[in-house]
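# Structural overview for review
Letter by letter, the chains look like this.
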Amino acid sequence: WLRHGKDLIKRLAAPPAAGRIFSEPHIEQRLRFAPDCPHLLRPMGFDAAIAGCAAAASASHDIVYCGSTSRSGVVDTLEALANAGWKVIVFGKLEDADSRARLHHAGVEIAGAIGRHDVPAALATARFGLNVTPDVAPFNRQASVKTLEYAAAGLGIIANRYAWIEDFAERHGIAVHWLDDVLAQGRTAPDRLAPAPVDLARIAYLEWECLLGRVGFSAFLQRCLAQGGGAGR
């Protein structure tokens, strides 16, 4: 009920708009703005510079994790993988001293936060990209930007099971290594587990320039600006 209450506040407090842009269909359906307000569905994508950046790289680590370390389960997972014999590197803020100490003790390399232009080089440091997402709404229905980037970079993907990742993997023919299975294999996993190849052609339509052109992003913005702020909510 807290989520529904927050959605209601968002809808009532939102100013009149000439148009609205949603990243996921379920967000549009959940917020229930007035249907007479023009809207556009614009999925998440990846930068062209990331495409294939890790395919021919000589990886120094088994696993790279890019993103928020404050999300539930992330630090525990990184620690467990390192203790199971994986060589892990983390790019992202890690301000909690206890978490830093735990990961340092487990042997996880903490590289810190990076800029957008540094992402391709960061992804090229490893063979696999790690996605840890709580299997609870709304997180389990949201696109994982880092998973898109892992796939585009040419990395194998390790992830916990939840709705979005299962659907993404099935639609694009991606063989995800499920986290529970990887941890269950023990310390021999880094030597035995090979990255599953990702066919970049199957996700090329999610590269930002291609994606924005396909959904008519610029034309939509121009129409909204021409209207000068309509009354739809």
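Given the structure is predicted, the values throughout are model-derived calculations rather than measurements. (Residues numbered from 1 in each chain as written. Predicted model: local features only at pLDDT ≥ 70, side-chain atom pairs only at ≥ 80, totals over all residues. Heavy atoms only, no water.)

## As for the overall build of the chain
Looking only at helices and strands, one finds 12 helices and eight strands in the chain. The buried share among the 233 residues of the chain stands at 44%. Surface summary for the chain: the accessible area is close to 12,000 Å², and the carbon and sulfur share equals 55%. (Helix = DSSP H or I, 4+ residues; strand = E, 2+ residues; numbered from the N terminus. Buried < 20%, exposed > 50% of the residue type's maximum accessible area, 1.4 Å probe, protein only. Areas by Shrake-Rupley, 256 points an atom, 1.4 Å probe, with all protein chains shown as cover.)

## Brief notes about the nonpolar core
Generally speaking, a soluble globular protein has its nonpolar side chains buried in company with each other. By size, the foremost hydrophobic cluster in this structure holds 55 residues, and its most contacted members are Val 64, Trp 86, Val 88, Leu 123 and Leu 130. Setting aside its immediate chain neighbours within four residues, Val 64 contacts Ile 89, Phe 91, Ala 122, Leu 123, Thr 125, Ala 126, Phe 128, Gly 129, Leu 130, Tyr 150 and Leu 155. Formed by five residues, the second largest nonpolar core is a distinct cluster that contains Ala 18, Leu 40, Phe 217 and Phe 220. (Core = buried A, V, L, I, M, F, W, Y, C linked by side-chain atoms within 4.5 Å. Contact = heavy atoms within 4.5 Å.)

## Brief notes about the packing of helix 3 (residues 74-83) against helix 4 (residues 97-106)
The geometry of helix 3 relative to helix 4 is characterised by a closest axis approach of 9 Å and an angle of 15° between their N-to-C directions. Taken together, the axes of helix 3 and helix 4 lie roughly parallel to each other. Crossing geometry of helix 3 relative to helix 4 is assigned as left-handed. Between helix 3 and helix 4, the residues in contact are Val 75, Asp 76, Leu 78, Glu 79, Ala 82 and Asn 83 and Ser 99, Arg 102, Leu 103 and Ala 106, respectively. Of the residues in the contact of helix 3 with helix 4, the class split is five nonpolar, two polar and three charged. (Axes fitted to C-alpha atoms, helices over the stretch in contact; angles between N-to-C directions. Parallel < 35°, antiparallel > 145°, perpendicular 65-115°, else oblique. Left-handed = near helix turned anticlockwise from the far one by under 90°. Nonpolar A, V, L, I, M, F, W, Y, C, P; charged D, E, K, R; others polar.)

## As for the sheet that holds strand 8 (residues 177-178)
Overall, parallel pairing links the six strands, which are arranged 5-4-3-6-7-8 in an open sheet. In this open sheet, the two edge strands, each paired with only one partner strand, are strand 5 (109-112) and strand 8. Both strand 6 (residues 126-131) and strand 7 (residues 156-159) contribute to a ladder of four bridges, which runs parallel. Bridged to Asn 131 within strand 7 is Ala 159. (Pairing = 2+ DSSP bridges.)

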